[in-house]
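Given next are the chains, with one letter for each unit.
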Amino acid sequence: MLRIDGLSAWYGEAQALREVSMRVEPGEIVTLVGRNGAGKTTLQRCLMGLHAAYGGTEGTIELFGEDITRLPPHARARRGLGYVPDDRGIFATLSVEENLTLAPVLRSADGLEPWPLERVYETFPHLAERRRAPGSTLSGGEQQMLVLARVLRMGARLLLCDEPTEGLSPLFVRRIGEILREVRAAGTTVLLVEQNVHFAAAVADRHYLLAEGRIVESLSRDQVREREHQLLEYLGI
Ligand code: ATP
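Predicted model only: the values in this text are computed from it and were never measured. (Residues numbered from 1 in each chain as written. Predicted model: local features only at pLDDT ≥ 70, side-chain atom pairs only at ≥ 80, totals over all residues. Heavy atoms only, no water.)

Caption draft 1: Summary view of the sheet that holds strand β1 (residues 2-11). Taking strand neighbours across the sheet as the criterion, the 4 strands line up as β2-β1-β4-β5 in an open arrangement whose pairing is antiparallel. A single partner strand is all that each edge strand has here, and the edge strands are β2 (14-24) and β5 (66-67). The pairing of strand β4 (residues 57-63) with β5 spans 2 bridges and is antiparallel. Its bridge partner lying in β5, Glu62 is registered against Asp67. Across the face of the sheet, helix α1 (residues 40-48) comes into contact with β1, β2 and β4 while running at roughly 115° to β1. (Pairing = 2+ DSSP bridges. Helix = DSSP H or I, 4+ residues; strand = E, 2+ residues; numbered from the N terminus. Contact = heavy atoms within 4.5 Å. Axes fitted to C-alpha atoms, helices over the stretch in contact; angles between N-to-C directions.)

Okay, here's the thing in structure tokens:
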């Protein structure tokens, strides 16, 4: 589904990614794990076509066998890429429902199946309860639900998610895990940046360990479980 070959990225002279090559197969949940500054966010921005605003890139990115390396972000979204950035990006003065309906819902000519609002509220009952509340009044967990719902509503086939559990209470962390498994069961593939190794081990099928802009290891679910303590120590958590 996603094939990255020899991807490098720079911020001016500083190189942030070094010849990253990796694959994501349909229906997988894959995590990118690594210390702060390892290049996880840069990699997701490159996939979404957002790195051009910061610097140069080399290498190729294929989605469903199509080379999307030169496509702008909106064209990648039309092909089924959905991105939940780490800064969330909620419109503070708009209600939950306005935040949800503001984003364009892509047409199914592209093979996407946008979610109707009813399906969003079924999956995210917290948001249904708070549909009239302004974005500024939402807790961190509710904000994360809202951005996730907004991207899923657009019909993402490959969901890129940057640290969705960061700063959330255990209740919301658990719920995010359930939602990711639900959307996977409904046909969406997930590539997750995650520092919470325990969460990553519970939710993902495979993991890539990034260090200083390189992929240093590809780990199975069992390998991450066996090495959880060692990884936590390595990540400095
Ligand atoms: P974190 O968990 O802290 O977000 P990360 O693994 O996502 O870390 P990136 O944010 O991708 O790492 O950063 C990779 C490298 O690129 C780091 O050395 C970082 O300092 C640098 N970098 C990131 N954003 C910028 C920027 N806007 N300008 C210059 N350098 C940047």
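Still more ground to cover, so stick around.
Caption draft 2: Structural detail: the site of the ligand. Contacts to the ligand come from Tyr11, Ala16, Arg35, Asn36, Gly37, Ala38, Gly39, Lys40, Thr41, Thr42, Tyr54 and Glu163. A distance of 2.8 Å separates an oxygen atom of the ligand from a polar side-chain atom of Thr41. For the ligand, the accessible surface in isolation is 630 Å², of which the surrounding protein chains cover 60%. When residues of the shell around the ligand are assigned to their parent elements, the largest contribution, 3 residues, is made by α1. (Near = heavy atom within 4 Å. Polar contact = N/O pair within 3.5 Å; in protein donor to acceptor, adjacent residues only side chain to side chain. Areas by Shrake-Rupley, 256 points an atom, 1.4 Å probe, with all protein chains shown as cover.)

Caption draft 3: Region of interest: the environment of Pro85. Secondary-structure assignment places Pro85 in the loop between β6 (81-84) and α3 (96-102). Measuring from C-alpha to C-alpha, the distance between Pro85 and Gln44 comes to 8.7 Å, with 41 residues separating the pair along the chain.

Caption draft 4: Molecular detail of the sheet that holds strand β8 (residues 189-193). Overall, mixed pairing links the 6 strands, which are arranged β6-β7-β8-β3-β9-β10 in an open sheet. In this open sheet, the two edge strands, each paired with only one partner strand, are β6 and β10 (214-220). Adjacent strand axes in the sheet meet at a mean angle of 20°, parallel and antiparallel pairs treated alike. Taken together, the 4 bridges between β6 and strand β7 (residues 158-162) define a ladder with parallel strand orientation. The residue of β7 that forms the bridge with Val84 is Cys161. Helix-sheet contacts for helix α6 (residues 140-153) involve β6 and β7, and the interaxial angle to β6 is about 170°.

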